[in-house]
Amino acid sequence: MNMPIICIGGVLWDVIGRTQTHSGLGGDVAGSIKEQAGGVAFNIAKLFSRKGLNTVMLTHIGQDPAGCFLLEVMMGLGIEVKFAYRSADLPTDRYMAIEDASGLIAALADANSLEAVGDVILNPLRDGRLGSPTAPFKGTMVVDGNLTESVLAQIALDILLQQGDLRICSASPGKATRLRCFLGGARATIYCNKREAELICATEFATAADAAQKMTAAGAWRAIITNGANEVADLQQEMQMVKLHPAKVEIKQITGAGDVFMAQHILAELDGAPRESALQSAADEAQSFIAGKI
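Presented here is a report on the structure given in the accompanying data block.

With that settled, the discussion passes to the overall build of the protein chain. Helix and strand counts for the protein chain come out as eight helices and 12 strands. Relative to a compact globule of 294 residues, whose C-alpha radius of gyration would be 19 Å, the protein chain shows 18 Å and is just as compact. In terms of its C-alpha atoms, the protein chain occupies a principal-axis envelope of roughly 55 × 50 × 35 Å. Of the contacts formed within the protein chain by residues at least 6 apart in sequence, a portion of 65% connects residues at least 24 apart. For the protein chain, the accessible area works out to roughly 13000 Å², and carbon and sulfur atoms hold 52% of it. Once the 25 positive and 32 negative side-chain charges of the protein chain are each reduced to a mean point, those two points are 3 Å apart.

Right, let's get into the sheet that holds strand β12 (residues 242-244). Pairing in this open sheet of eight strands is mixed, and the strands run β4-β1-β7-β8-β9-β10-β11-β12 from one edge to the other. Strands with a single pairing partner mark the edges of an open sheet, and in this sheet they are β4 (55-58) and β12. Direction aside, the axes of adjacent strands within the sheet are offset by 15° on average.

Further remarks concern the pattern of salt bridges. Under the counting rule described, the total for this entry stands at 13 salt bridges. One salt bridge in this structure joins Asp119 and Arg126, with 3.6 Å as the shortest N-O distance. For Asp119, a relative accessible area of 28% gives the class partly exposed. The partly exposed category is assigned to Arg126, whose relative accessible area is 25%. With a shortest N-O distance of 3.9 Å, Glu231 and Lys243 are connected by a salt bridge. Of the two residues, Glu231 sits in the loop between β10 (222-226) and β11 (232-236) while Lys243 sits in strand β12, which places them 12 residues apart along the sequence. On the basis of relative accessibility, which here comes to 11%, the residue Glu231 falls in the buried class.

Regarding helix α6 (residues 208-217), the residues found buried are Ala208, Ala209, Ala211, Ala212, Met215 and Thr216. The buried residues of α6 occupy an angular sector of 160° when projected down its axis, which confines them to one face. For α6, the capping residue at the N-terminal end is Thr207, with a side-chain oxygen 3.4 Å from the backbone nitrogen of Ala209. Just downstream of α6 lies Gly219, where phi reads positive at about 125°.

With respect to the element layout, Arg275 can be found in helix α8 (residues 275-290). Overall, Arg275 belongs to the buried group, its relative accessible area being 14%. Sequence-wise, Arg275 and Lys243 are 32 residues apart; in three dimensions their C-alpha atoms are separated by 9.6 Å. The residues contacting Arg275, other than those within four sequence positions of it, are Arg222, Asp234, Leu235, Gln236, Met239, Gln240, Met241, Val242 and Glu269.

Here we come to the packing of helix α7 (residues 257-270) against α8. The geometry of a pair of packed helices is captured by two quantities: the angle between their axes and the separation between those axes. One can describe the packing of α7 onto α8 by two numbers: an axis separation of 8 Å at closest approach and a directional angle of 145°. Our pair here, α7 against α8, has a crossing hand that is right-handed. Along its contact with α7, which presents Ala257, Val260, Phe261, Gln264, His265, Ala268 and Glu269, the element α8 presents Arg275, Ala278, Leu279, Ser281, Ala282, Ala283, Glu285, Ala286, Phe289 and Ile290. When grouped by side-chain class, the residues that make up the contact of α7 with α8 number 11 nonpolar, three polar and three charged.

Attention now moves to the sheet that holds strand β3 (residues 32-38). Overall, mixed pairing links the four strands, which are arranged β3-β2-β5-β6 in an open sheet. Edge positions in the open sheet fall to β3 and β6 (103-110), since each of these has one partner strand only. This sheet shows a mean twist of 15° between the axes of neighbouring strands, independent of strand direction. Where strand β2 (residues 12-18) meets β3, seven bridges bridge the pair, whose relative direction is antiparallel. Counterpart to Asp14 in the pairing with β3 is Gln36. Sitting on the sheet, helix α2 (residues 65-76) is in contact with β2 and β3, with an inclination near 90° to β2.

Judged by nonpolar contacts, the single largest core of 44 residues is most densely connected at Ile8, Leu125, Phe182 and Met215. Aside from chain neighbours lying at most four places away, what touches Phe182 is Leu152, Ile155, Ala156, Ile168, Ala188, Ile190, Gly219 and Ala220. Residues Val11, Ile79, Ala84 and Met262 belong to the second largest nonpolar core, which totals 40 residues.

Reading the values: the criteria
Residues numbered from 1 in each chain as written. Predicted model: local features only at pLDDT ≥ 70, side-chain atom pairs only at ≥ 80, totals over all residues. Heavy atoms only, no water. Helix = DSSP H or I, 4+ residues; strand = E, 2+ residues; numbered from the N terminus. Rg over C-alpha atoms; globule rule 2.2 N^0.38 Å. Contact = heavy atoms within 4.5 Å. Areas by Shrake-Rupley, 256 points an atom, 1.4 Å probe, with all protein chains shown as cover. Lys, Arg positive; Asp, Glu negative; His and termini not counted. Charge placed at Lys NZ, Arg CZ, Asp CG, Glu CD. Pairing = 2+ DSSP bridges. Axes fitted to C-alpha atoms, helices over the stretch in contact; angles between N-to-C directions. Salt bridge = Lys/Arg side-chain N within 4 Å of Asp/Glu carboxyl O. Buried < 20%, exposed > 50% of the residue type's maximum accessible area, 1.4 Å probe, protein only. Arc of directions from axis to C-beta. Polar contact = N/O pair within 3.5 Å; in protein donor to acceptor, adjacent residues only side chain to side chain. Left-handed = near helix turned anticlockwise from the far one by under 90°. Nonpolar A, V, L, I, M, F, W, Y, C, P; charged D, E, K, R; others polar. Core = buried A, V, L, I, M, F, W, Y, C linked by side-chain atoms within 4.5 Å.

This is how it looks when you write it as structure tokens:
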């Protein structure tokens, strides 16, 4: 059995309202509403599994009907869910967003159950099922910024978890500051957009390259920064910066584009692609998603 990729974080139901017009604040326009399985960790795990990778999910899934259906969806996609924590008292989380032709108008993430269960979802990495103090997991771990500050800090400081290839994803601007714990020397790659980097560093940046420079100067081991249709940058400690400009496309969908970018970037690097090629591959895949081709 090949070493799995472990995805740690949110799995929930997305409710996405989309219109191809320009809605604006308070707009009441025609569109469509779709409910689908989602969450940062789920979106990335789904893409890994579709590429044939052995993918394990560490998360909370409620024992309510929504959780049971979600579990069926994940198993149907080939995602390993036997290590997921299932509370009988907490409901399955949900996310709601509204998008128009210009992009995301507003979103609300209810990840209260994931936050409530805390670090219990990490137990399989410590109790011998996926890793232990004497045999730590050394593969790729994707960590979702929807986790609480205390759980993220544990991951950033736990020597046991530092043995793997840590890939950290900012969940949203509203939760970006939770990732500051990874500026303290943890050997982790942080993925975020320019706005999230500004919140993490408490300053404004002109470009993604500026943000990547400041993030690494502040202690990030590696920072990969997106900025919509503008420049994308990748900077790792003691290495040259890599940057590119993605192709501009018409926006058909936006929720999940960052997850597509991150998943494809990791896949490309696991396949041995150099940094420049991996960044280009991730940008191309994200733009295809935004254009509705995926």
